[in-house]
2 protein chains.
Amino acid sequence: SVFGPVYAQAAPTIRWRLASSFPKSLDTIFGAADILAERVSQLTGGKFQIRTFPSGEIVPGLQVLDGVQQGTVEVGHTAMYYYVGKNLAMAFDTALPFGLNARQQNAWWYYGGGIEAIRDLLSDFNVINFPGGNTGAQMGGWWRKEISSLADLKGIKMRIPGIGGQVWSRLGVVPQAIAGGEIYPALERGTVDSAEWVGPYDDEKLGFYKVAKFYYYPGWWEPGPGLSFIVNVNEWKKLPKDYQLAFEAAAAEANVHMMAKYDAQNPPALQRLLKNGVKLRKFSNEILKAAQKAAFEIYEEEAAKNASFKKIYTPWKKFRDESYRVMAVHELGYEQFAFPGI
Amino acid sequence: SVFGPVYAQAAPTIRWRLASSFPKSLDTIFGAADILAERVSQLTGGKFQIRTFPSGEIVPGLQVLDGVQQGTVEVGHTAMYYYVGKNLAMAFDTALPFGLNARQQNAWWYYGGGIEAIRDLLSDFNVINFPGGNTGAQMGGWWRKEISSLADLKGIKMRIPGIGGQVWSRLGVVPQAIAGGEIYPALERGTVDSAEWVGPYDDEKLGFYKVAKFYYYPGWWEPGPGLSFIVNVNEWKKLPKDYQLAFEAAAAEANVHMMAKYDAQNPPALQRLLKNGVKLRKFSNEILKAAQKAAFEIYEEEAAKNASFKKIYTPWKKFRDESYRVMAVHELGYEQFAFPGI
């Protein structure tokens, strides 16, 4: 580079605080907010600064939406399904059991009307959303003993939040709400029989394999969970147009980078877990079929009583079904042959 | 927005020409260059303008690397495997038969040393590369008659370029090099027995289904072909640092958008093709196994005689094998259950 910065000295200095729903220990998810912040700064000659804060430092991780809505922070990085208590339709922005995988989530967001559908939903909350990452299909969690049939599930206590927990409960499981830091001791003491977290890279760090040997897959309740950046609408409107554009471009970059980073980190992590004696197990078809049936029963029940859920669900379901059929051909058709047996 | 542009009037005006390897009719691929150009303009207050040109308007589509190297254009959007004649290692930037899928390609590029490996390779060509899109796993092309066994392949004339063609030729197929616009008449007249192009959305537009009813999958020679933006190094060094950063961010955005757009477009396109009487067929395991064996024989032979190929191939193969094993668990494990039978 032969020139210095090209930005006018007159450009306004803007400082935002970003509240993440995630601890720094989930470095790939938390890191997506840092990617956003760094790029926004670079793209504005250092004039638009976003400082990132982990869960709990400014607002609790599960209250980031409220914090942004009220203007406690200007921006958040969160999973909108944390707020299904406000409206179950929030889950479309993140994941639904037997919903979209990571590529399908991007396709729906950017070219399937998804971003707009979520913006419409969030207009009541005074925030605007931008896709901001994905973990890929998660794992099915850590189990102290093997389960094979639906009968084995009765009374099982599982740490699992959200709609996934609702589906499991229809299969006889008793879902437990436990924060990340308390899962390990609960699993160790047997207060819970199983616990789900994310995938190999993040699960390894919490050491669950030391207290529960069976590592199940697939994590059907989160086939491609998406994260979003959410911005207070008043603050958004105050931004110079150029800063808005920089934010939007940086968010898209953080989105693709977070998925790529997980896809680079998970393979060696699972290799290490297997060397530590972890036993991989797949949920039986009996369990998967029952879970799938229960999931769509929940969606149909919700659609019957929640107009904003139905408004998103109907075209989303069509999008999902068409995409499943076609990815089964060109993507799955390849992978079923080429990916090794497990 | 309450402010106008914040950029200094003193910022230099820079105009680049981008040569795409693709015609405008491949609107999703060509469109990725437009996404880059538009965002770069936005991020520089309109000072850095990139004008996009389709294949053949400034340089022929298959000579974009040469055009950028020589400075005929400052930037290109291309598939580096068009240049395997210069070095077979160019294919790592795009696709190898039985290589990486789209997510794995991003993981390798951004977090697996891929971008750096390709930059090292391209340093001899005076260009610098940036990931710039993906089509996803392609289809296996249009065939005038069904093929089941290896014996059926003997003497089959197939329009297929590159390493995919080399692999097919080891199975008895006679690969043909035919430009996009000439494929339809060749298939109609029977000059070729089969032809591959991209996937449902692009294939539909060329109308191949009217002259060859059997649509095979998977396109094992391109499980996740990546496109790249390549920039002349001298021109790159002349850019203000801010413009370089804007280019880099916009390229990442174009990368994620191109894949998302295909994933939104392919499903309805395949539905339409099936309504037009297209018969989906899967390559038999016998053929897939023979092709996979031939592919890795080619790579091993090349690695034995081409040091720059071997330098990328060895860690790439390890990355690929680990990723295949792990995606077989959390991604394929889900999709095998949830995606419908075909």
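Criteria and cut-off values
Residues numbered from 1 in each chain as written. Chains lettered and ligands numbered in written order. Predicted model: local features only at pLDDT ≥ 70, side-chain atom pairs only at ≥ 80, totals over all residues. Heavy atoms only, no water. Helix = DSSP H or I, 4+ residues; strand = E, 2+ residues; numbered from the N terminus. Rg over C-alpha atoms; globule rule 2.2 N^0.38 Å. Contact = heavy atoms within 4.5 Å. Areas by Shrake-Rupley, 256 points an atom, 1.4 Å probe, with all protein chains shown as cover. Lys, Arg positive; Asp, Glu negative; His and termini not counted. Charge placed at Lys NZ, Arg CZ, Asp CG, Glu CD. Salt bridge = Lys/Arg side-chain N within 4 Å of Asp/Glu carboxyl O. Buried < 20%, exposed > 50% of the residue type's maximum accessible area, 1.4 Å probe, protein only. Axes fitted to C-alpha atoms, helices over the stretch in contact; angles between N-to-C directions. Parallel < 35°, antiparallel > 145°, perpendicular 65-115°, else oblique. Nonpolar A, V, L, I, M, F, W, Y, C, P; charged D, E, K, R; others polar. Phe/Tyr/Trp six-rings, centres within 6.5 Å; stacked < 30°, edge-to-face > 60°. Pairing = 2+ DSSP bridges. pLDDT = per-residue confidence, 0-100. Buried area = accessible area lost by both parts, 1.4 Å probe. Least-squares fit on C-alpha atoms with pLDDT ≥ 70 in both. Polar contact = N/O pair within 3.5 Å; in protein donor to acceptor, adjacent residues only side chain to side chain.

### Comments concerning the overall build of chain A
Logical step 1: When you go through chain A residue by residue, the secondary structure sums to 12 helices and 11 strands.
Logical step 2: Against the 2.2 N^0.38 benchmark of 20 Å for 342 residues, chain A shows a C-alpha radius of gyration of 21 Å, consistent with a compact globule.
Logical step 3: Considered along the principal axes of its C-alpha atoms, chain A spans approximately 70 × 45 × 40 Å.
Logical step 4: For chain A, restricting intrachain contacts to residue pairs at least 6 apart in sequence, the fraction spanning at least 24 positions comes to 77%.
Logical step 5: As presented, chain A carries roughly 12000 Å² of accessible surface, and 49% of it is formed by carbon and sulfur atoms.
Logical step 6: Averaging the positions of the 37 positive and the 34 negative side-chain charges in chain A gives two centres separated by 2 Å.

### Points about the pattern of salt bridges
Residue and element names in this part refer to chain B.
Logical step 1: Here the structure, examined in full by the defined rule, presents 36 salt bridges over all chains.
Logical step 2: Between arginine 170 and glutamate 297 there is a salt bridge; the shortest N-O distance is 3.9 Å. Placement of the pair is arginine 170 in helix 5 (residues 162-170) and glutamate 297 in helix 10 (residues 285-305), with a sequence separation of 127 residues.
Logical step 3: With a relative accessible area of 40%, arginine 170 lands in the partly exposed category.

### Focus on the packing of helix 3 (residues 102-111) of chain A against helix 9 (residues 241-275) of chain B
Logical step 1: Packing of helix 3 of chain A against helix 9 of chain B brings their axes to within 8 Å, and their N-to-C directions diverge by 90°. By the angle between their axes, helix 3 of chain A is roughly perpendicular relative to helix 9 of chain B. Counted together, Arg103, Asn106, Ala107, Tyr110 and Tyr111 of chain A of helix 3 of chain A and Val256, His257, Met259, Ala260, Lys261, Asp263 and Ala264 of chain B of helix 9 of chain B form the full contact between these two elements.
Logical step 2: For the contact of helix 3 of chain A with helix 9 of chain B, the per-class residue count stands at seven nonpolar, two polar and three charged.

### Some thoughts on the packing of aromatic side chains
Any aromatic ring pair is given by two values, namely how distant the centres are and how the planes are angled relative to each other.
Logical step 1: All chains considered together, the criterion is met by 68 aromatic pairs over all chains.
Logical step 2: Relative to tyrosine 313 of chain A, the ring of phenylalanine 92 of chain A has its centre 6.5 Å away and its plane inclined at 45°; by these criteria the two rings are tilted. In this pair, phenylalanine 92 of chain A sits in the loop between strand 3 (75-78) and helix 3 while tyrosine 313 of chain A sits in helix 11 (residues 307-330), placing the two residues 221 residues apart along the sequence.
Logical step 3: With a relative accessible area of 1%, phenylalanine 92 of chain A lands in the buried category.
Logical step 4: Classification of tyrosine 313 of chain A by relative accessible area gives buried; the value is 4%.
Logical step 5: Arranged with centres 5.6 Å apart and planes meeting at 25°, the rings of phenylalanine 309 of chain B and tyrosine 313 of chain B form a pair that is stacked. Taken together, the residues phenylalanine 309 of chain B and tyrosine 313 of chain B, both in helix 11 (residues 307-330) and four residues apart, mark about one turn of the helix.
Logical step 6: Taking relative accessible area as the criterion, phenylalanine 309 of chain B reaches 0% and is therefore assigned buried.

### Here we look at the pairing of strand 3 (residues 75-78) of chain B
Note on strand geometry: in a regular strand, side chains alternate between the two faces of the sheet.
All names here are of chain B.
Logical step 1: The alternating pattern of strand 3 places Val75 and His77 and Gly76 and Thr78 on opposite faces, both of which are buried.
Logical step 2: Direction of pairing for strand 1 (residues 14-20) relative to strand 3: parallel, over a ladder of three bridges. Residue pairing in the sheet places alanine 19 in a bridge with glycine 76 of strand 3.
Logical step 3: The sheet contact formed by strand 3 and strand 10 (residues 226-232) spans four bridges and is antiparallel. Bridge assignment links histidine 77 to a residue of strand 10, and that residue is phenylalanine 229.

### Notes on the sheet that holds strand 8 (residues 194-195) of chain A
Residues and elements named next belong to chain A.
Logical step 1: Pairing is mixed across the open sheet formed by six strands, whose spatial order is 7-6-8-5-9-11. The sheet terminates laterally at strand 7 (174-176) and strand 11 (279-282), the two strands that pair on one side only.
Logical step 2: Here strand 6 (residues 157-159) runs beside strand 8; their pairing, made up of two bridges, is parallel. Following the sheet pairing, methionine 158 is matched in strand 8 by serine 194.

### A word on the sheet that holds strand 4 (residues 127-134) of chain A
Residues and elements named next belong to chain A.
Logical step 1: One open sheet accounts for five strands, arranged 2-1-3-10-4; its pairing is mixed. Where the open sheet ends on each side, the last strands, each with one partner, are strand 2 (48-53) and strand 4. On average, adjacent strands in this sheet sit at an angle of 25° to one another, irrespective of strand direction.
Logical step 2: Each of strand 1 (14-20), strand 2, strand 3, strand 4 and strand 10 (226-232) is contacted by helix 1 (residues 27-43), which is oriented at about 165° to strand 2, the strand it contacts most.
Logical step 3: On the sheet, helix 4 (residues 114-122) packs against strand 4 and strand 10 and is oriented at approximately 135° with respect to strand 4.

### Let's talk about the pairing of strand 4 (residues 127-134) of chain B
Residue and element names in this part refer to chain B.
Logical step 1: Strand 4 sits mainly inside the fold: eight of its eight residues count as buried.
Logical step 2: Alignment of strand 4 against strand 10, held across six bridges, turns out to be antiparallel. Counterpart to proline 131 in the pairing with strand 10 is serine 228.

### Considering the confidence of the model for chain A
Logical step 1: On average, residues of chain A score 95 in pLDDT, and 97% of them are at 70 or above.
Logical step 2: Every residue in residues 1-7 of chain A is under pLDDT 50, and counting partners more than four places away or in other chains gives 31 contacts.

### Some remarks on the interface of chain B and chain A
Logical step 1: Contacts between chain B and chain A engage 87 residues on the former and 87 residues on the latter.
Logical step 2: Between chain B and chain A, a total of about 7700 Å² is buried, with carbon and sulfur atoms accounting for 68% of that surface.
Logical step 3: Counting the contacts that link chain B with chain A gives four salt bridges.
Logical step 4: With its nearest N and O atoms 3.1 Å apart, the salt bridge here joins glutamate 248 of chain A to arginine 39 of chain B.
Logical step 5: Taken together, the elements giving at least two residues each to the side of chain B that touches chain A come down to helix 1 (27-43), helix 3 (102-111), helix 8 (233-238), helix 9, strand 11 (279-282), helix 10, helix 11 and helix 12 (332-338) of chain B.
Logical step 6: Counting residues per element, the side of chain B that touches chain A draws most heavily on helix 9 of chain B, at 23 residues.

### Digging into the relation of the copies chain B and chain A
Logical step 1: Overlaying chain B on chain A yields an RMSD of 0.0 Å, the required transformation being a rotation through 180° with an accompanying axial translation of 0.0 Å. Here the two chains are linked by the operation of a two-fold rotation axis.
Logical step 2: When you check the interface residues of chain B against chain A, 100% turn up at the interface there too, and the contact is symmetric in its surfaces.

### Observations regarding the side chain of aspartate 203 of chain A
Residue and element names in this part refer to chain A.
Logical step 1: Structurally, the position occupied by aspartate 203 is in helix 7 (residues 200-206).
Logical step 2: We note that aspartate 203 is buried and unpaired, the nearest opposite charge coming from arginine 159 at a distance of 8.3 Å.
Logical step 3: There is a polar contact of 2.9 Å between the side chain of aspartate 203 and the backbone nitrogen of valine 198.
Logical step 4: With residues near it in sequence (within four places) discarded, aspartate 203 still touches Trp142, Trp197, Val198, Phe208 and Tyr215.

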